[in-house]
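Below, each chain spelled out in residue letters.
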Amino acid sequence: MGIFGRKNTETTEATTPAAAPVNPDLAALTGDYTIDASHSTIGFVARHAMITNVKGGFLDFSGALHLDGTDPTRSTATLDVKMDSIDTGSADRDGHLKSADFFKTDEFPVMTFRSTQAEALGGDDYRITGDLTILGVTKPLTIDLEFNGAAKDPFGNERVGFEGKAEILRSEWGLTWNAALETGGVLVSDKIKLVFDISAIRAA
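The present account deals with the structure reproduced in this document. None of the values given here were measured: they were computed from a predicted structure.

A short note on the overall build of the chain
- A tally of helices and strands in the chain yields 2 helices and 11 strands.
- N-terminal to C-terminal, the α/β element order of the chain is α-β-β-β-β-β-β-α-β-β-β-β-β.
- Considering the chain as a whole, with its 204 residues, one finds that 39% of them fall into the buried category.
- In the chain, 58% of the contacts between residues at least 6 apart in sequence involve partners at least 24 apart.
- For the chain, the exposed area adds up to about 11,600 Å²; of that, 52% sits on carbon and sulfur atoms.

Remarks on the packing of aromatic side chains
- Overall, the coordinates contain 3 aromatic pairs when judged by the stated rule.
- Between Phe 44 and Phe 58, the aromatic rings sit 5.7 Å apart at their centres with planes inclined by 50 degrees, giving tilted as the arrangement. With a gap of 14 residues between them, Phe 44 in strand β2 (residues 41–48) and Phe 58 in strand β3 (residues 52–58) connect regions that are remote in the sequence.
- On the accessibility criterion, Phe 44 (12% relative accessible area) is buried.

Considerations on the pattern of salt bridges
- This model, assessed by the stated rule, comprises 8 salt bridges.
- For the salt bridge of Asp 36 with Arg 159, the shortest nitrogen-to-oxygen distance reads 2.9 Å. Linking Asp 36 in the loop between β1 (31–35) and β2 with Arg 159 in strand β10 (residues 158–169), this pair joins segments that are 123 residues apart in sequence.
- Look at Arg 159 and you get buried, because its relative accessible area is 17%.
- Of the charged contacts in the structure, one is a salt bridge between Asp 80 and Arg 114, with a shortest N-O distance of 3.0 Å. Of this pair, Asp 80 sits in strand β5 (residues 76–82) while Arg 114 sits in strand β7 (residues 110–122); the two residues are 34 residues apart in sequence, bridging distant segments of the chain.
- With a relative accessible area of 34%, Arg 114 lands in the partly exposed category.
- Among the charged side chains, a network of salt bridges with common partners joins Asp 36, Asp 153 and Arg 159.

Re the pairing of strand β8 (residues 125–134)
- In terms of residue burial, β8 counts as a mostly covered element, since 7 of its 10 residues are buried.
- Hairpin connection between β7 and β8: a loop of 2 residues separates the two successive antiparallel strands, and Gly 123 in this loop has a positive phi of roughly 65 degrees.
- Bridge analysis of β8 against strand β9 (residues 137–152) gives 10 bridges, and the strand direction is antiparallel. Considered in β9, the bridge of Ile 134 is made with Val 137.
- The turn linking β8 back onto β9 is made up of 2 residues, and Leu 135 within it adopts a positive phi angle of 55 degrees.

Some remarks on the environment of Asp 101
- Topologically, Asp 101 is positioned in the loop between α2 (91–98) and β7.
- Asp 101 sits 74 residues away from Leu 175 along the chain, and the two C-alpha atoms are 7.8 Å apart.
- With residues near it in sequence (within four places) discarded, Asp 101 still touches His 96 and Trp 177.
- Polar side-chain contacts of Asp 101 include one of 2.7 Å to the side chain of His 96.

Comments concerning unusual backbone geometry
- Positive phi is not limited to glycine here, since Met 50 has a value of about 70 degrees.
- Locating Met 50 in the fold gives a position in the loop between β2 and β3.
- Phi is positive for Lys 104, which is not a glycine, with a value near 50 degrees.
- Considering the arrangement of structural elements, one finds Lys 104 in the loop between α2 and β7.

Analysis parameters
Along each chain, residue indices are assigned from 1 in the same order as the chain's sequence is written. Only residues with pLDDT of at least 70 get local features here, since the model is predicted, and only at 80 or more are side-chain atom pairs given and counted; chain-wide, interface and lining totals rely on the full set of residues. By convention in this description, side-chain values take in all heavy atoms of the structure and omit both hydrogens and water. Secondary structure elements follow DSSP: runs of H or I of four or more residues count as helices, runs of E of two or more count as strands, with numbering from the N terminus. When a residue's accessible area, from a 1.4 Å probe over protein chains only, is under 20% of the maximum for its type it is buried; when over 50% it is exposed; and in between it is partly exposed. Every residue pair with non-hydrogen atoms within 4.5 Å of one another is taken to be in contact. Method for areas: the Shrake-Rupley scheme with a 1.4 Å probe, in which residue coverage is limited to the protein chains shown. Side-chain rings of Phe, Tyr and Trp (the six-membered ring for Trp) are treated as a pair once their centres are within 6.5 Å; stacked means planes under 30 degrees apart, edge-to-face means over 60, and tilted covers the remaining angles. By salt bridge we mean one thing: a side-chain nitrogen of Lys or Arg within 4 Å of a carboxyl oxygen of Asp or Glu. Pairing between two strands is assigned when DSSP locates at least 2 bridges connecting them. Nitrogen and oxygen atoms within 3.5 Å of one another constitute a polar contact, given that in protein one can donate a hydrogen and the other can accept it, and given that sequence-neighbouring residues count only through two side-chain atoms.

See the structure below:
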């Protein structure tokens, strides 16, 4: 069973046994957490020229989680990403992504996510839905999460870890720049895969 416990559903005794009591170890994880950016990753994958993947990420971000170990629907997440910190391993490509063709980082320096709903899917799997704002445009985003566990590090910090993934169509946020290929297709895919690897520290 994962950090939030399983989502309760109404069933009859004839078909399903009564729900198990809440695991006290999971309930003990309830609290507020700060995302540790130095041990976390927020990345993306885009198809380039229809034949290969380009991976990148953001180096400067902050966020917070509120975890409820007894009722996952009360869990929340916030995230603020500084768009000027984008890194794809190519200075030229990063400069293009920061320009008016893409993220317009001078005008829109921050991308934000604010959760609106959380649910447990069973086992260690969860789903969080919220509002993603890019270029001043806000659209819903659903992230599938896997709980990786909890531990106390050598410095006494209580940590929790999650891996997440999602897909978006960048055009829905006004990211429409592209270039046609002579062989057909376009240079940059509309579909973007988002990946998250999050370590968060419990507030004192």
